[in-house]
Structure formats: C-alpha cells, structure tokens
Amino acid sequence: MEHKIYMSEKEKVLLIDTCEPNEYSIEYANRCRQYTDGTVIRKYYTTDAQSIPIFYKFSEKMKPGYFRLAIRLIEYIISYFHIYRMVCKNNYDVVHIQWPQVLWFDKFIFKKIKNKCKKLVYTAHDPIPHESTEKKIKQFGELYKIPDIIIVHGKACEEQFIANYPNLVDKLYNQKFGVTPSNETEKINNSLIDKHPKLKEILETKKIVFAFLGQISPYKGLDILLDAWEEFKDREDVFLLVAGKTTNNYKDLENSFNKATTYSNIYIFNNRYTLEEEVLFHKLSDVIVIPYRSASMSAVLTSAAQYNKTVLTTKVGSITEYIEVAKDFVFTCECTKDSIKEKISNIIYNFSKESLSEKGKNFSKIIQDEYNWDNIFQDVVINCYSIDKQ
C-alpha cells in the first residue's frame, strides 16, 4: 500500500550523518530531500554529491594512527560548532542526528542544538553499542534523555532499549530498514577484474560463491566463518569472497586471515570498496554470509535483497524479525563453526547456482514489497518530524 503525505508546507529538516554512505544512508538522505525541505550534512569525500561536506576534511585522507585520531577529534568538535551556527541561523523545524562519535561532547552539543530547533530526533542504530560496559550503557542513557524522539530498528532493538532505559520508552519510534529496488540491468565493470585478478576464475567457472561483504568488526564473526571454511579449502566447486575494511581491535581475525590466505579458493580484499566494486562483488556472489555474533540490524542484508541474492545468516537482533516474511528463501545458522560448516555443506550438496539465483530473486521480491523506502520514510515524517507530535 502506498502512503501519501498531504502537507501545506514541508518540515525544514537538517539530517546529520557522519558515516560512510551505504544503501541505508543514501536512501534515507534521498527521501529526506524528497519528502521534507531537507539538508544533509556528511563527511568529506563521499559519493553523495548533494550533501554538504563538513566532517573530517583533513583526517579522512590521513593514514591510520594516533595522530589521525587526534586530528579527527578536533575536526569533529569544530564541525559541530559550525553546524550549531547553521542551526541558529536557519530555524530548522527538525534536526536529525545519526552516529554520535564522541559521547562526552555529543551530550553537550545535543543540548545546544535542541534549544535552537523545534524537535531533535536521534537514530540509535545500536541502542546498546557492541561490547559496551555498564559504565558506557549509563552514559548512553544520559545522551538518550536529550532528544525528543529516538528511532530504533525492529522489535529486538526496541525490547533491548526498554530493558535498559524503561523511563525513556515514550521517546521510541520503531523504524524498519528499507530496501532499494533491484537494478538487474546494472553491469559489472570488467576492468575491475584487473584489480581483483583472482576473481577471474569465478567468471570462468560454475563455482558456488559465498561472500562476506562490508565493514569487518569483531561482532560480525568473520573469524568463525574463516575457521569453518577450512573444511572446504580443497574443494574446486566453491569459492569464498571477503571484502571490507577491518575496524576496531580484531586480534582473533589475524590468525584466521593468515591461514585463509593460503587457501586457493578464497579471496580477501581487506579494504573499503567503491560502488562499482560493490556491484562486482554482489553480482559474482550466490550467497551473502552474515555470521554475526550480535547485531541490531544490518545494511548487508538489505543490500543482498537489492542485488537479488539469498543469505546465510545468524538469527540475531532484528535480523530475525526482518527475514521472517521471507524465511523460505534464506538460510539460517548459529554463530558457531560447526553450524556454519553444516549449512554451507547443505547448500553445496543440495542447491545449484540456478536454484540459489531463484531463491535470491524470491527473497528480494518479498523484502522489497514489505520494506518500501517511500512508505517507511513517510511514516517517519508523520510520526517523528511532525511538529504537531511533540
């Protein structure tokens, strides 16, 4: 069912998003511009040409290290003071903040911004950040007291939030992830194969390709997947593609990486990838693997649906709720080496590339019908941005 908003005047919204634009981030920004008088602020050097770049002009191009972290902190604080001046000058109805980076400063600047707009909205993508201590949970509780509306993704996130912050339940709004309609005409840029020569063998054979894609963090369980893959390292009919940049301290991954690089049927690209590379990696894949130890939700799942790919995923956080409508067209496992190994074996012995392709198309159609971005964002406008709903 289509939603339509009838307003005499669009709300004036400032959307602040410091993350690397992914499918969720891009589609959210596009709908913000479409359904509100929206301005989007991002960091420098992103693919969103319509946004205003403010964050990380210098540190984004620097090599990782303590000096970069120090510069990044300074840039973050200076950027927010610049944003605060924008808010004071432009009389926004709504300021919507995503992804806080410096908790002690964020509490200060949230309060300053809230006093200069009609409504402050905050998206808690991870209501309880991964690997949080009790102290940090309490600190986030102080931050959560400030916004007028707090957006979470799915019932599992809602329940997690309420369990930790029962006094703030009236602020909550449950907003699903949307899915970008698939573009089957999107072609692989074949020149990229020269950059990733090991992927040539995928193009030239009928191997079933499993892929782990996106930012690599400890909670995402890549080390478990790589340990499970040892069972298949000598097989010539399967392939594992891993692409994404490692973040945080992920010592468990080092040994797994070292061992996995000796396998002939695996390719690891441990770096950020471009949009063209995203298309390449998805188009070459048959099953997107999401072996997460924990998660609130995952844009990797919606990207799989965008590219008509089925998934092998653990049932954690709101992922469980999200895939329920398409449970016949996905594979699920526990976050253990044996469970992942068993499910991969089942897929190899019982499914062809063609049958996996059909699963992916069915999964994509159901998810796209259920989680339409236009409907989702129009509900956000009505329930979160409307000044009448305070």
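Look up: the structure comes first, before these words.
Throughout what follows, the structure given in this document is the object of discussion. (Residues numbered from 1 in each chain as written. Predicted model: local features only at pLDDT ≥ 70, side-chain atom pairs only at ≥ 80, totals over all residues. Heavy atoms only, no water.)

Each helix and strand in the chain was counted, giving 15 helices and 13 strands. A compact globule built from 390 residues should have a C-alpha radius of gyration of about 21 Å, and the chain, at 21 Å, falls within 12% of that. Counting only C-alpha atoms, the chain reaches 60 × 50 × 45 Å along its principal axes. Here the chain holds 390 residues, and 53% of them are scored as buried. The contacts in the chain between residues at least 6 apart in sequence include a share of 73% that link residues at least 24 apart. Total accessible area computed for the chain in this model is approximately 18,500 Å², and 49% of it derives from carbon and sulfur atoms. Treating the 54 positive side-chain charges of the chain as one cloud and the 52 negative ones as another, the clouds have centres 6 Å apart. (Helix = DSSP H or I, 4+ residues; strand = E, 2+ residues; numbered from the N terminus. Rg over C-alpha atoms; globule rule 2.2 N^0.38 Å. Buried < 20%, exposed > 50% of the residue type's maximum accessible area, 1.4 Å probe, protein only. Contact = heavy atoms within 4.5 Å. Areas by Shrake-Rupley, 256 points an atom, 1.4 Å probe, with all protein chains shown as cover. Lys, Arg positive; Asp, Glu negative; His and termini not counted. Charge placed at Lys NZ, Arg CZ, Asp CG, Glu CD.)

Taken in spatial order, the seven strands line up as 3-2-1-4-5-6-7 in an open sheet, and their pairing is parallel. With one partner strand each, in any of the chains shown, strand 3 (52–55) and strand 7 (172–174) form the two edges of the open sheet. Averaged over all adjacent pairs, the angle separating strand axes in this sheet is 25 degrees, with direction ignored. Where strand 4 (residues 94–98) meets strand 5 (residues 119–123), five bridges bridge the pair, whose relative direction is parallel. Its bridge partner being in strand 5, His96 is matched across the sheet by Val121. Where helix 1 (residues 23–35) meets the sheet, it contacts strand 1 (12–17), strand 2 (37–43), strand 4, strand 5 and strand 6 (149–152), and its direction lies at approximately 150 degrees from that of strand 2. Across the sheet, helix 2 (residues 66–90) is in contact with strand 1, strand 2, strand 3 and strand 4; its angle to strand 3 comes to roughly 130 degrees. (Pairing = 2+ DSSP bridges. Axes fitted to C-alpha atoms, helices over the stretch in contact; angles between N-to-C directions.)

A few words now on helix 4 (residues 134–144). Residues of helix 4 that are buried: Ile137, Phe140, Gly141, Leu143 and Tyr144. Within helix 4, the buried residues cover an arc of 160 degrees as seen down the axis, which keeps them to one side. Turned more than 90 degrees away from the buried face of helix 4, the exposed residues are Lys135 and Lys138. At its buried positions, helix 4 is contacted by helix 3 (103–114), strand 5, strand 6 and helix 5 (155–164). (Arc of directions from axis to C-beta.)

As a further point, take the sheet that holds strand 8 (residues 208–213). On the basis of which strands lie adjacent, the open sheet formed by six strands has the order 10-9-8-11-12-13 and parallel pairing. In this open sheet, the two strands that pair with only one neighbour each are strand 10 (266–269) and strand 13 (331–333). Strand-to-strand, the axes of this sheet are offset by a mean angle of 20 degrees, without reference to chain direction. Pairing geometry for strand 11 (residues 287–290) and strand 12 (residues 310–314), over four bridges, is parallel.

Our next topic: the nonpolar core. Considering soluble globular proteins, one finds that nonpolar side chains tend to be buried as a cluster. With 87 residues, the main nonpolar core has Leu199, Phe210, Leu222 and Tyr385 as its most contacted residues. One finds Ile113, Cys117, Leu120 and Ile137 within the second-largest nonpolar core, a separate group that totals 39 residues. (Core = buried A, V, L, I, M, F, W, Y, C linked by side-chain atoms within 4.5 Å.)

A few words now on the side chain of Arg68. Among the structural elements, Arg68 can be located in helix 2. Buried charge without a partner: Arg68 forms no salt bridge, and the closest opposite charge is Glu60, 4.1 Å away. A polar contact is formed between the side chain of Arg68 and the backbone oxygen of Met62, at a distance of 3.4 Å. In contact with Arg68, not counting residues within four places along its chain, are Ser59, Glu60, Met62 and Lys63. (Salt bridge = Lys/Arg side-chain N within 4 Å of Asp/Glu carboxyl O. Polar contact = N/O pair within 3.5 Å; in protein donor to acceptor, adjacent residues only side chain to side chain.)

Let's shift gears to the state of the cysteines. A complete count under the given rule lists zero disulfides for this structure. Between Cys32, a cysteine without a disulfide, and Cys384, which holds the nearest cysteine sulfur, the sulfur-to-sulfur distance is 12 Å. According to the relative accessible area criterion, Cys32 is buried, its value standing at 0%. (Disulfide = S-S within 2.5 Å.)

As a further point, take the pattern of salt bridges. Should their charged atoms come close, side chains of opposite charge can pair. Summed over all chains, the structure comprises 23 salt bridges. Residue Asp237 pairs with Arg235 through a salt bridge whose shortest N-O separation is 2.6 Å. Put simply, Asp17, Arg33, Arg42 and Asp48 are held in one network by salt bridges that share partners.

Inspection of the secondary structure assignment puts Ile216 in the loop between strand 8 and helix 8 (222–229). Residue classification places Ile216 among the buried residues on the basis of a relative accessible area of 0%. With 54 residues separating them along the chain, Ile216 and Asn270 place their C-alpha atoms 8.6 Å apart. Leaving out residues up to four positions away in the same chain, Ile216 has contacts with Leu222, Val242, Gly244, Lys245, Thr246, Thr247, Tyr250, Leu253, Phe257 and Asn270.

Before going further, it helps to spend a moment on the side chain of Ser79. Within the element layout of this structure, Ser79 appears in helix 2. Of the residues examined, Ser79 reaches a relative accessible area of 6% and is grouped as buried. Those residues in contact with Ser79 that lie beyond four places of it in its chain are Ile54, Phe55 and Tyr56.

One pass over the structure, following the stated rule, counts 32 aromatic pairs. Centre to centre, the rings of Tyr24 and Phe177 are 4.5 Å apart; their planes meet at 40 degrees, and the pair counts as tilted. In this pair, Tyr24 sits in helix 1 while Phe177 sits in the loop between strand 7 and helix 6 (192–195), placing the two residues 153 residues apart along the sequence. The same class applies to Tyr24 and to Phe177, which are both buried. Grouping aromatic residues by their ring pairs yields a cluster made of Phe55, Tyr56, Tyr76, Tyr80, Phe81, Trp104, Phe105 and Phe108. The lysine or arginine in question, Arg72, covers the ring of Tyr56, its NZ or CZ lying 3.7 Å from the ring centre. (Phe/Tyr/Trp six-rings, centres within 6.5 Å; stacked < 30°, edge-to-face > 60°. Lys NZ or Arg CZ within 6 Å of the ring centre and 35° of its normal.)

All we've got here are geometric facts, nothing functional implied.
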